[in-house]
Structures are given as structure tokens and as C-alpha cells.
Amino acid sequence: MPKEGTVNVQMTIRIAGREVETVERTISGDAFEREEEAHRLGKEVGRVVAEQALGELAEQHQRTPHCCGRPMNSRGLVPITVQGLDGPLTIRRRRYRCVQCQRNFYPVDGSLLCGCHRVTRPLAKKACQLATMEHFTELPQLLFDQHGVRLCHAELIELAHDVGGAADRLRQADAKRWNETVSCQREWPAAQIQSRRVYVSCDGIMYCTNLREPDPQHPGEQRLIWQQMRVGCVYWQDEHDHWHKQILWGRESAEEFGASLYRLARRCGYRQAQEKIFAADGGDWCWTIHQTYFADASGILDWYHANEHVWTCAKTLFSDQAEITTWAKQALQHMREEGGYGLLKWLLEQQPRLRNKKRKALASLIHYVQPRQDRMDYPRYRHHGWQIGTGMIESTAKQLVGLRLKGPGMHWSEQVAIAITALRAHSLNHNWNQSWKTPVLNC
């Protein structure tokens, strides 16, 4: 008889009418402890069912693999212990050996495991998702707390590196295949979205690497090198005025990145849109992409980026805060009501009255505005109801790279930084679950 306040649970597990195991557990304690015991019981049942299901899958693999031009010899069933969502699973799968090169091969491993890692794909999916959000030093404990499974720090880094790296290689291979296709034979992606107005934007965000270079400020010492990740974004509003976006990442050249961004835009209905807008800050490579691939889109220089240049000039022209504010507001009023052309005219009228440092500061602002006038037609943009800031791409860059790669003291190898960014991009593009149904994220 169970003691007062305890419950004896016995569960007999039958699969296809066959009894495979009986699980017994005594549940007692307060409500919190009982819930945890019940959860552990569920995981034990899940482990038994998963082990049986994967074992049957391994036995069903019938096709004989080939190596060195001939069929490989079967060497019987070999057990392997792998980590699954419900704990360690022992599976017997068939081993094959090549007579000529003596290579061993387990063909069913490709279906059971995530690449060369002895973890099931569902567990790899959970671990990689955590890796997109949390520091690697925290992951082992976090994975155990959430799923009751232990993987070490090194295993988690290698898993994220291999899976994310495979996703990025697939992206690059797709881009390379398209770029190497003769122009007249290229198949443009079909539009999957229909929207009257489509925005395209791109930007770069810096992250710290493991690479080092001589520190010019401290002779004889080395400093860490920062590199730029390119980020692209296509965004639009649906009929309910809800915003949607698709993002792109990469470390390739601006030319290659621009081609990939254009293909993404085509999938997002860019060609069919009645209003096409390309928004960016002052980065020259961004506007090269605009001229090369999005010349039919209205170019908008980020209002807040231009705003910063105006205030920087004002702080050099005047020392009194009231005068700084008055002058900057006058400049911004011209920019708001008359665009870049009106601002430039007003600045040129003031230039003869200035000398030395002040004249140089104003000349610098004029040099900034003059070649960008056609991207500063803010009255027209506001008339159409267009976004005049680049908050969408800036927040995307922060979500994609900043929040994960730019934590305190973080510095990355090139491969792991790309892998983590690739994983985060799949999550932010809302195709995380779908991508795991295909070989996209298999390593």
C-alpha cells in the first residue's frame, strides 16, 4: 500500500500491440515536486517510444550503399547511444564496410542524427535555437534546465557551427549558381507577396573577431579586429497595416550582396509593387547597390542620419546652446519643407559670412548634402506617406547581429559568427521550423 500522500504510477507501453516496457514511479511531495515527478515520468515514456521508433526506422533501411564503385558488405547491427529530447537513446543500426578502402559506413545515421553529432535532429533543433539567443557558457545548464539533457560547451559550439555553417553555405551556393548563369538563362524567383508598396534597405554592423592586428596607439601590442556584417531587409505592410520583413545577411562583396538582395526583393513582390522605395544611410556601398539593382526605386537618405550632420555642423558654428538649437532647427525646417535642394541653397547663402574653422564645418555639410540632394526630397516622401527613416534596417541589424554577437567581451571566429547569424536569420525570417523539414540545416 502506498504511504499517505503518495501515488504509485505504473504505465505499460505497447507499440503495435507488443509490450515493450513497463515504467513505474512513485509520486509524492508538494504540488511543485509532484508536477516535476509527473514531467519526468512523461520523459521516460517518451524515451522508450522514441528509442523503439528510431530502432524500427534503422531496421527498415534496406538499400545497400556503394563505395569505390562496388556494393559495400554488411557487417551486422552495431549499437549506438545518442542524445534525444527525452534523454539517451540506444539504437542498433547496420554497419557497412568497403572491401577496397576499409571505410565503415552507417547509412541510416543521416536520417537519425544531425550530421556527425550523436544527437537527434529534434534535440539539435532545440539546442541551436537556444544558441541563437544565449551565450555559449550558459547553454549547457539552460539546455538541461529546459529539456533535462546534458551537452557540453564544446559540443554545443560545434553543433551550432556545423548547422549554421551548412545553412550559410547553401545560401552562398545558391547565389553563386545564379550569378554564374548566363543573364538570358537566369530564372528570376516568382513573387510570393503582393503589396502596393515595398521597401528595400541595407546596412552594415560591426562585430569583434578573434583576429588581431598591431595597435597603433600602443606599440608592440595587438588589438582585436572588428569586421562588418552586411544586412539587407525587404519590408512591407499588409492590408491590415501590419509590418512584415524578410532579411539577408553576408560577408561577401557589395556586388554579390546586392544581387542576392535583389533576388530576395523579387520574391517579396518588388517588381509588381506600384511604389518601390530604397532607404539607406550615407554608406557608399549601399547606394551603389541602389544604382545597380534598384535604380527604379525612389532613393531616400535616412532623415536622422542627415539630421546628425546638421547638428554636428551647428555645434562647430556656435558655442551657445540656444544659438546651436536655433540654427539647427532652421536648417532642418528648410530640409523638411524644401528637401535637400532648399537646405543646400540656404547653406550656400551663409558660406560667405564665415571664416576658418566655421567655414570649413559648413563646407563639410555642403559637401555632404550636395551629392545627395535627389535622395532628400522629404516633402514628396511625406506627401506619399513613405517612411523617411531607416529604423527597420537598423533594428534588423541589431536583432540579427548586435544582440548575439556584440555582448560584453564577445569576440568571434569568422566561421562561428557567420553560423550564428545564419541561424538567427532563419528564425527572424519565420522559416525556422520549415527549414528543419528539409536538408537546409543538416550538416
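Parameters and conventions
- Residues numbered from 1 in each chain as written.
- Predicted model: local features only at pLDDT ≥ 70, side-chain atom pairs only at ≥ 80, totals over all residues.
- Heavy atoms only, no water.
- Phe/Tyr/Trp six-rings, centres within 6.5 Å; stacked < 30°, edge-to-face > 60°.
- Lys NZ or Arg CZ within 6 Å of the ring centre and 35° of its normal.
- 1 Å grid on protein atoms, 1.4 Å probe; cavity = no way out; pocket = protein on both sides within 12 Å on 5 of 7 lines; lining within 4 Å.
- Points joined across faces, edges and corners; volume = space filled by probe spheres on them.
- Helix = DSSP H or I, 4+ residues; strand = E, 2+ residues; numbered from the N terminus.
- Nonpolar A, V, L, I, M, F, W, Y, C, P; charged D, E, K, R; others polar.
- Pairing = 2+ DSSP bridges.
- Axes fitted to C-alpha atoms, helices over the stretch in contact; angles between N-to-C directions.

(A) Summary view of the packing of aromatic side chains. Applying the stated criterion to the full structure yields 18 aromatic pairs. Judged by centre distance (6.1 Å) and plane angle (75°), the ring pair of Tyr262 and Tyr270 falls under edge-to-face. Here the aromatic residues Trp178, Trp188, Tyr262, Tyr270, Phe278, Trp287, Tyr293 and Phe294 are joined through ring pairs into a cluster of three or more. Between the NZ or CZ atom of Arg93 and the centre of the ring of Tyr106, over which it lies, the distance is 3.8 Å. One residue, Arg375, lies across the ring of Trp287, its end atom 4.3 Å from the ring centre.

(B) Just the layout of surface pockets, in detail. For the largest pocket, the calculated volume is near 800 Å³. Among the secondary structure elements, those contributing two or more residues to the lining of the largest pocket are helix H5 (153-179), strand E12 (243-250), helix H6 (254-267) and helix H13 (414-428). Per-element tally for the lining of the largest pocket: the top contributor is E12, with 7 residues. The volume enclosed by the second largest pocket comes to roughly 380 Å³. Along its surface, the second largest pocket is lined by 16 residues, and His39, Arg40, Lys43, His147 and Gly148 are the ones closest to its centre. Examining the composition of the lining of the second largest pocket, we find that 7 residues originate from one element, helix H1 (residues 31-60), more than from any other. Across the lining of the second largest pocket, the residue classes tally to 2 nonpolar, 5 polar and 9 charged.

(C) Spatial organisation of the sheet that holds strand E14 (residues 298-301). Taken together, the 5 strands give an open sheet; going across it, the order is E12-E11-E10-E13-E14, and neighbouring strands pair in mixed fashion. In this open sheet, the two strands that pair with only one neighbour each are E12 and E14. Here the strands of the sheet are splayed against their neighbours by 25° on average, with no regard to which way each runs. Summarising the sheet, strand E13 (residues 275-280) and E14 pair through 4 bridges and their orientation is parallel.

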